[in-house]
Structures are given as C-alpha cells and as structure tokens.
Amino acid sequence: MTQNAKTLARAAGLHKSGTRNVGERVIGIVLFLAASVSIVTTAAVILALSAETISFFADPAVSIVEFLTAREWTPLFPESQRYFGISPLVIGTLMVTFVALIVGLPLGLGSAIYLSEFANPQTRRSVMSVLEVLAGIPTVVLGYFALFFVTPILRDIVPGLNLFNPLSAGLVMGFMILPTISSISVDSMQAVPRALREAAYGLGASKHEVVAKVVVPAALSGIVASFILAMSRAIGETMIVTLAAGQKPTFTFDLRETIATMTSFIVQAAKGDQPAGSLASQSLYAVGATLFLMTFALNLVSQQIVQRFGERYE
Amino acid sequence: MASQAVPKDHVTVRTDPIPAGEAVVTLENLSLWYGDFQALHDVSLTVPKNQVTALIGASGCGKSTLLRCVNRMNDLVPSVRVEGQLSYEGVNLYDGAVDPVEVRRRVGMVFQKPNPFPKSVYENVAFGPRLHGYAGDMDALVEKSLKGAALWDEVQDKLKQSGLGLSGGQQQRLCIARAMATDPDVILMDEPTSALDPIATDRIEELIHEIKKDYTVIIVTHNMQQAGRVSDRTAFMHLGVLIEEGPTEQIFTNPQHEMTERYISGRFG
Ligand SMILES: Nc1ncnc2c1ncn2[C@@H]1O[C@H](COP(=O)(O)OP(=O)(O)O)[C@@H](O)[C@H]1O
Ligand SMILES: [Mg+2]
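Residues numbered from 1 in each chain as written. Chains lettered and ligands numbered in written order. Predicted model: local features only at pLDDT ≥ 70, side-chain atom pairs only at ≥ 80, totals over all residues. Heavy atoms only, no water.

Asks: What's the story with the pairing of strand β9 (residues 216-220) of chain B in this structure? I'm lost.
Replies: It is a general feature of regular strands that their side chains alternate between the two faces of the sheet. Residue and element names in this part refer to chain B. In terms of burial, β9 is largely enclosed, as 5 of its 5 residues are buried. Of the two faces of β9, both are covered, the one formed by Thr 216, Ile 218 and Val 220 as well as the one formed by Val 217 and Ile 219. As paired elements, strand β4 (residues 52-56) and β9 share 4 bridges and run parallel to each other. Among the inter-strand pairings, Ala 54 is bridged to a residue of β9, identified as Ile 219. Bridge count for strand β8 (residues 186-190) against β9 is 5 bridges, and the pairing is parallel. Residue Met 189 lies in a different strand from β9, and its bridge partner there is Ile 219. Taken together, β8, helix α7 (residues 198-211) and β9 form a β-α-β motif whose crossover is right-handed. (Buried < 20%, exposed > 50% of the residue type's maximum accessible area, 1.4 Å probe, protein only. Helix = DSSP H or I, 4+ residues; strand = E, 2+ residues; numbered from the N terminus. Pairing = 2+ DSSP bridges. Right-handed = clockwise from strand over helix to strand, strands pointing away.)

This is the structure we're talking about:
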C-alpha cells in the first residue's frame, strides 16, 4: 500500500487497526489450539493402544493365530494355564449387544414412530422428557438394577440362569439404548417434509401406509444411524456388564452362563495391579484395540448403509 | 386492493349455471372452520364434468381450503370442522359413512410445490397403484401415465433415476402422472405453476388443456392470465365467500359483481 493510500484510509477512518488485527489473530490461534487438542489426544490414544498391542503380539508367548482362534482367555493366570484367545470376550460382548438390540431396536423404533406420527404434541413432549430421564440414569445404577432387580425375577422364569448372566445385562442395556434410538429416529422422521406426507395422503394412502411407505423410508438414514450409534454404545458399555454379566470369560452361546465381555475384562485387568509392561497388562490393550476396531468398522458400515439405502430429499 | 367486508347475506352471482345433470362435484352451503376461525362461508358451487374450473381471489381468501375440501385433505388438520354438503357423483363426501382414503383415490391432487417422493421416477408413478393393489401390467400403466402427463419422451431412459433429479417443471409433470396413475375422475391443482419458470408453466397449461377430455380439473391460481388461458369456468372468492362464478370469458370481460370487477381490473392494471 502506498503512503498516500494509507493517509487517505486513515483520514476516512478505514485504516487497519493494529489492535484488532492482533486480537483476531490471537482468537484464531486459541481456537486452532482447542481443535488441535482433540486431534492430538485421539492420536495419542491410538498410538499408545497400538504400541502396547504390538508389543503384546511381539511376545513369543502370544501368537495372532492363538488370539483369533483359541477358545480360552486367561491372561491373568500363571504362565502354565495362560491362554490368549479373545473369542470368549468377543462372543460375550456380542451376546449382550444382541439381547440389547433385540429389546432396544423394536421398542426404540416403535416408540419413535408412535411419538413422531401418532402422539399429539403434548404426549410427545412428556414422553420425550421421560426418555431423557432414562437416558440420564448412570449406567452403574442400571447395572445394580439388572443384578438386584431384573436377575431375581428372571431366575424365577428362566431355569438354570446364573446370578451373573448376559441375558439380564442385555435386557437392561436395551433400555439404556432405547432413548438414543428413539430420539434420533424421532428427529429424522419429524424432518421429513410435510409435502411428502401430503403427496401420499393425496394418492389415497392411509395413515399407516404414509408412515411405512413414505416417512420411514425417507427417514431411513437417520434411523440406521441411530441403530449403529446404539450398537456402538452397547458394545462399549462397561458398568452394566461388569456388574450383571460376570467376569468369567467363557466360550459359550448360552445366555444363562456367566461370561465376560471385552469391556468387563478391561475393568477387571485394570483393577488388579498388573505390572506395567507385563503380558497381562498388555493384553488389556490388545482387547482395547479389538474393541476400537469393531466400533470403527461399525461406523464405516453405517456410512455405507446410509449412502446406499437412504432416500435423499431436499 | 383494500380488503373489504362482504355483506352477510351475499348471494353468489351466477352466469349460465351448470345443470345438475352435468355436475361431478357439487358444493352446497359449505362452511369450514379452523378452530374458531371461519375460512369458508356458505359456498355453493357446481363443477361440471370434463371442464376446467378455476378458483381465483386474493391470497388468504380460502381457495386452497375450498380445494382441499374436495378430496377431504382438510381432515388432516385436527381443528377443522365442516358444515354443509359436498357431493361427488351424488354422494355427500362429508357423510360419516364415507372413507376419506377412498375419496382421495378418485380425486387426485397436485400441489403448489412439486413434491415427488425421494424414489425413482417409476416408483413415484407406481406408488398409488401399488397402494391400491393394482394387479395389471405396471410397466404399461407407468408408461401410459407418463405419456398422459407429456413426460414420457423425456424420462423413458431415466425411469430408475430419482424423481428429484428432474427439473422443476418435469417434477411437476411427474406429480401429475403420479396423480393420473390411480385413475381418478377429478384432479385438483393448487397453484401448480407458481414455483415454475414461464416455459415450464406453458407446458403445464398445455397439459391441462389436453387432460380435460379425461378428467375434471379444479385449479387454484392467482395468476389471472392463467385462469383466462386454461379454464372454462371461473369462480371468484373473497374472504371465504364465493362472490361470483360463471364462464371464464364472462367473468373476465363482463363481471357482474363490482368486487369481481375490481379484482380483475386491479390485476390487469
Ligand atoms: N391449517 C390452518 N389452520 C388455521 N388457519 C388456516 C389453516 N389453513 C389456512 N388457514 C386460514 O384460512 C384462510 C384461507 O387460507 P387458504 O385457503 O390457504 O387461502 P388461499 O389458498 O386462498 O391463499 C387464511 O386466512 C388462512 O390463514
Ligand atoms: Mg393457497
């Protein structure tokens, strides 16, 4: 800028203000740092997870084949009885998740359809606030609820049910994920334009046909997203399973048996004092990495599903 | 134009009234309330078969409300109350025994803004027939409907693509094809070209001309020239009252009521 232009700008009050420029730069830097913290943290977690996992598999006592195929998981046992097969934990996690989804999906989607399409606004508001309360219950409370309230009732009904079992934990977890599914699904159904509903009514569709053939398909990407999010939460959920499903890794598909999940094993291993760098402590990271990969894969799959099947409207 | 109260006892001015035998839809003293607000006041109107009837009047005068009575679309608004008669081929559609869902199969509707489903062109047209368990050749029906809406040539290679990928004018013709596919007798159009450009508007107007040999059309428009171009009869409304109705030519060149005259000359300048 020429000297002349500067003078003119100053005279007109249009000149650059030094303090404002510095201020804006500082704000920009602060915000950048804030954003960086989360990226750095994520990177650090992944790095630590991978480093420990790699040294776990580098140990001559462990092999990847054993990790994937063996049916016993006893890393905290003395060396002679030690096995590193993750399948009992994965199956345990999947069983609890399965029960939770069996309960949570139909109830969550059903209540979402009711709330979005059939309930009057007042009912919708009050039920939604009840769901928010449900979503706000600490999972440790739900875990105790499963163990001391649900399990005793189930034991009267289901013969041979252990005190710690995936059935009870999964049932309660189903209620934990229900608000996630219904609130996201309600939002995505409410976002379906009224014009689309009217188009269907105008063609002689009944209320339930409008819901089934127009609203749900148009809201599908949101609904699937809610399912996946709920599933991720179920897989990663810790307190309910630790308290109510047991801490005994067992290769079984029987919902009545005492089991352990990936998360409950991590709690168990972290609770005892395993010397850092020992195989026992590294096994914890290997389980954590597996858990991370599963949730990550789930997110990828969900993006695919949403892209392929979601109906787009503007 | 200053909005002006209509005398309570206003009697609709009619020129060349339609004989009862030629009517498809007949409104008799139809009144409608949204909660406490009365949107239609004792409207009586006869809609002749295979003709285009235009509803005109200032914004908010109740044109859409009246139109939506004919397929009972107003039932979707919880606070609505209707009095009087609306008969379709001799049946009072507001009789308790009438199922509004059935009504909407016989009386199709095209909306102000094109609203194709986020589905393929084909599925948009097949939607209504599938709903009603159409057992014939669906491909043929889809083709016939798209041809009927003068859209076939443009979309025959795009049947599997999303209806939302079409241009605005094409979308609106898709909506007309979709309405035709359920084989209605009456098609209601609520300002069907207000969201379209002039060329697309021309095409829809031509289409309206063509389809009236097979359908009875009731069209809401606040474009007076459009009413003049497409309709056989015109009904002028003001604040929920039907002021005057008659042959379009007559309404435009020789309106009988001063309000009609003022509205028409106001618009033509
Ligand atoms: N769903 C509704 N609830 C309450 N009032 C409504 C509703 N729809 C329309 N109205 C009122 O009814 C009157 C007529 O509206 P409308 O039929 O849409 O007029 P037009 O189509 O002639 O512009 C307006 O005063 C409008 O505010
Ligand atoms: Mg309108």
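This is not the end of the story, as more comes after the structure.
Asks: Whenever I open this one, the site of ligand 1 confuses me. Can you help?
Replies: All names here are of chain B. In the vicinity of ligand 1, the residues found are Tyr 34, Phe 37, Ala 39, Ala 58, Ser 59, Gly 60, Cys 61, Gly 62, Lys 63, Ser 64, Thr 65 and Val 77. Gly 62 is positioned such that a nitrogen or oxygen atom in its backbone is 3.0 Å from an oxygen atom of ligand 1. Lys 63 places a polar main-chain atom, nitrogen or oxygen, 2.9 Å from an oxygen atom of ligand 1. Contact with the protein chains covers 62% of the free accessible surface of ligand 1, which is 550 Å². The set of elements that each furnish at least two residues to the shell around ligand 1 consists of β3 (37-48) and α1 (63-70). Top contributing element to the shell around ligand 1 by residue count: α1, with 3 residues. Residues of the shell around ligand 1, tallied by class, amount to 6 nonpolar, 5 polar and 1 charged. (Near = heavy atom within 4 Å. Polar contact = N/O pair within 3.5 Å; in protein donor to acceptor, adjacent residues only side chain to side chain. Areas by Shrake-Rupley, 256 points an atom, 1.4 Å probe, with all protein chains shown as cover. Nonpolar A, V, L, I, M, F, W, Y, C, P; charged D, E, K, R; others polar.)

Asks: Please explain the sheet that holds strand β5 (residues 80-88) of chain B as it appears in this structure.
Replies: Each strand in a sheet pairs with another by means of backbone hydrogen bonds, the pair being arranged parallel or else antiparallel. All names here are of chain B. Strand order in the open sheet formed by 4 strands is β3-β2-β5-β6, with antiparallel pairing between adjacent strands. Lying at the two open borders of the sheet, with one neighbouring strand each, are β3 and β6 (91-92). Alignment of strand β2 (residues 23-34) against β5, held across 8 bridges, turns out to be antiparallel. Across the sheet, the residue bridging to Val 25 is Tyr 88, located in β5.

Asks: For this particular structure, what's the right way to read helix α7 (residues 166-190) of chain A?
Replies: Working note: α-helix, 3.6 residues per turn, so residues spaced by three or four point in the same direction. Residues and elements named next belong to chain A. With 25 residues, α7 ought to run about 36 Å at 1.5 Å a step, and its terminal C-alpha atoms sit 35 Å apart, in line with that. Its maximal kink placed at Ile 177, α7 deviates by approximately 35°, while the proline Pro 179 follows within four residues. α7 sits mainly inside the fold: 19 of its 25 residues count as buried. Measuring from the side-chain oxygen of the N-cap residue of α7 to the backbone nitrogen of Leu 167 gives 3.1 Å; that N-cap residue is Asn 165. (Expected span 1.5 Å × (residues − 1). Bend = angle between axes of the 7 residues up to and from the residue.)

Asks: Would you take a moment to explain the interface of chain A and chain B for this structure?
Replies: At the junction of the two partners, chain A supplies 20 residues and chain B supplies 23 residues. Both faces combined, the contact of chain A with chain B buries some 1,700 Å², and carbon together with sulfur accounts for 65% of it. Counting across the chain A and chain B interface gives 1 salt bridge. Across the pair A:Glu198 and B:Arg68 runs a salt bridge whose closest N-O atoms are separated by 3.0 Å. Taken together, the connections running from chain A to chain B amount to 4 residue pairs in polar contact (both at pLDDT 80 or more). Residue assignment for the side of chain A that touches chain B shows that the elements contributing at least two residues are α8 (194-202) and α9 (207-218) of chain A. Here the element with the most residues in the side of chain A that touches chain B is α8(A); it accounts for 7 residues. Its residues placed into classes, the side of chain A that touches chain B shows 11 nonpolar, 3 polar and 6 charged. (Contact = heavy atoms within 4.5 Å. Buried area = accessible area lost by both parts, 1.4 Å probe. Salt bridge = Lys/Arg side-chain N within 4 Å of Asp/Glu carboxyl O.)

Asks: Looking at this structure, how should I read the sheet that holds strand β7 (residues 107-110) of chain B?
Replies: Residue and element names in this part refer to chain B. Strand order in the open sheet made by the 7 strands is β1-β11-β10-β4-β9-β8-β7, with mixed pairing throughout. Strands with a single pairing partner mark the edges of an open sheet, and in this sheet they are β1 (13-14) and β7. In the packing of α1 onto the sheet, contacts are made with β4, β7, β8, β9 and β10 (233-238), and the angle to β8 comes to roughly 155°. (Axes fitted to C-alpha atoms, helices over the stretch in contact; angles between N-to-C directions.)

In short, shape yes, function no, at least from these values alone.
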